[in-house]
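Coordinates in review
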Amino acid sequence: SQKTKETVRKAMEELGYVPNAAAQMLASGLTHNIGIVFPPIIFSDRLSEPFFMEILSTITDEAKKQDFTVSIATGMSLQDLEDQVKLMYRQKRVDGFIILYSDQKDPVRQYLMSNEIPFVIVGAPEGDENKITYIDNDNQLMAKTAVDFLYEKGHHRILFITDDLNSEVAS
């Protein structure tokens, strides 16, 4: 009855009951966990870049609001990342992935696509644009807005410095 349901829910709330995640996973087949795949760690300070910390914080906050958790995949090479992603998925530790880089020949992306595992790329996908879900920003508009702002403040000699000549941001 509705009265019994309300009594049980009230008792659960008072006792601080939290559903057993393992039991829920068995019943639904879902882990309620998302894998975050960082780019290969080419430079030792790569993971401390502000972009990665900001996006990781944002993803974690949003996941928490939806009662999801986050697992992180990092590695020194694309092969390391592929091995870790395969393990995470085979062990049913994640339902899908958010990839924080884009490379057309990425073995991680190829594995996910060939096994029909849900994933999203943050950034412009290099190739397969019509087959991949991705979230991108307009780097040219952001650069123009920044330059316009600096110009309006009286700065006329503006320089862009990067250590990455291969990224979409630098082109």
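As a starting point, this report considers the structure included with it.

**Thoughts on helix H3 (residues 50-65)**
For H3, built from 16 residues, the straight-helix expectation of 22 Å at 1.5 Å per residue is met to within 8% by its first-to-last C-alpha distance of 23 Å. Those residues of H3 not exposed but buried are Phe52, Ile55, Leu56, Ile59 and Ala63. Viewed end-on, H3 has its buried residues packed into an arc of 105°, placing them on one side of the element. Along H3, the residues that are exposed and aim more than 90 degrees away from the buried face are Pro50, Glu54, Lys64 and Lys65. Of the residues trailing H3, Asp67 is marked for its positive phi of about 60°.

**A few points about the side chain of Ser71**
Its place among the elements puts Ser71 in strand E2 (residues 69-73). When its relative accessible area of 18% is taken as the criterion, Ser71 is described as buried. The contact partners of Ser71, leaving out residues within four places of it in the chain, are Asn33, Ile34, Gly35, Ile36, Met88 and Val94.

**Considerations on the packing of aromatic side chains**
Per the counting criterion, the structure on display carries two aromatic pairs. A centroid spacing of 5.2 Å and a plane angle of 70° characterise the contact between Phe51 and Phe52, whose relative ring orientation is edge-to-face. For Phe51, a relative accessible area of 45% translates into the label partly exposed. Here a set of aromatic residues connected by ring pairs shows up, and it is made of Phe38, Phe51 and Phe52.

**Details of the sheet that holds strand E5 (residues 133-135)**
Taken together, five strands build an open sheet; the order of strands is E2-E1-E3-E4-E5 and the sheet is parallel. Looking at strand neighbours, the two that pair on one side only are E2 and E5, the edges of this open sheet. On average, adjacent strands in this sheet sit at an angle of 25° to one another, irrespective of strand direction. Where strand E4 (residues 119-122) meets E5, three bridges bridge the pair, whose relative direction is parallel. Bridge pairing links Val122 to Ile135 in E5. Its contacts with the sheet place helix H4 (residues 78-90) against strand E1 (33-37), E2 and strand E3 (96-99), and it is angled at close to 145° to E2.

**What to know about the pattern of salt bridges**
Counting across every chain of the model gives three salt bridges. Ionic pairing is found between Lys65 and Glu62, a salt bridge with its closest N-O pair at 3.1 Å. Taken together, the positions of Lys65 and Glu62, both in helix H3 and three residues apart, correspond to about one turn of that helix. Of the charged contacts, one joins Lys86 and Glu82 as a salt bridge, the two residues approaching to 3.1 Å between their closest N and O atoms. With Lys86 and Glu82 both in helix H4 and four residues apart, the pair spans about one turn of that helix. Take Glu82: its relative accessible area is 11%, and that puts it in the buried class.

Rules and cut-offs
Residues numbered from 1 in each chain as written. Predicted model: local features only at pLDDT ≥ 70, side-chain atom pairs only at ≥ 80, totals over all residues. Heavy atoms only, no water. Helix = DSSP H or I, 4+ residues; strand = E, 2+ residues; numbered from the N terminus. Expected span 1.5 Å × (residues − 1). Buried < 20%, exposed > 50% of the residue type's maximum accessible area, 1.4 Å probe, protein only. Arc of directions from axis to C-beta. Contact = heavy atoms within 4.5 Å. Phe/Tyr/Trp six-rings, centres within 6.5 Å; stacked < 30°, edge-to-face > 60°. Pairing = 2+ DSSP bridges. Axes fitted to C-alpha atoms, helices over the stretch in contact; angles between N-to-C directions. Salt bridge = Lys/Arg side-chain N within 4 Å of Asp/Glu carboxyl O.

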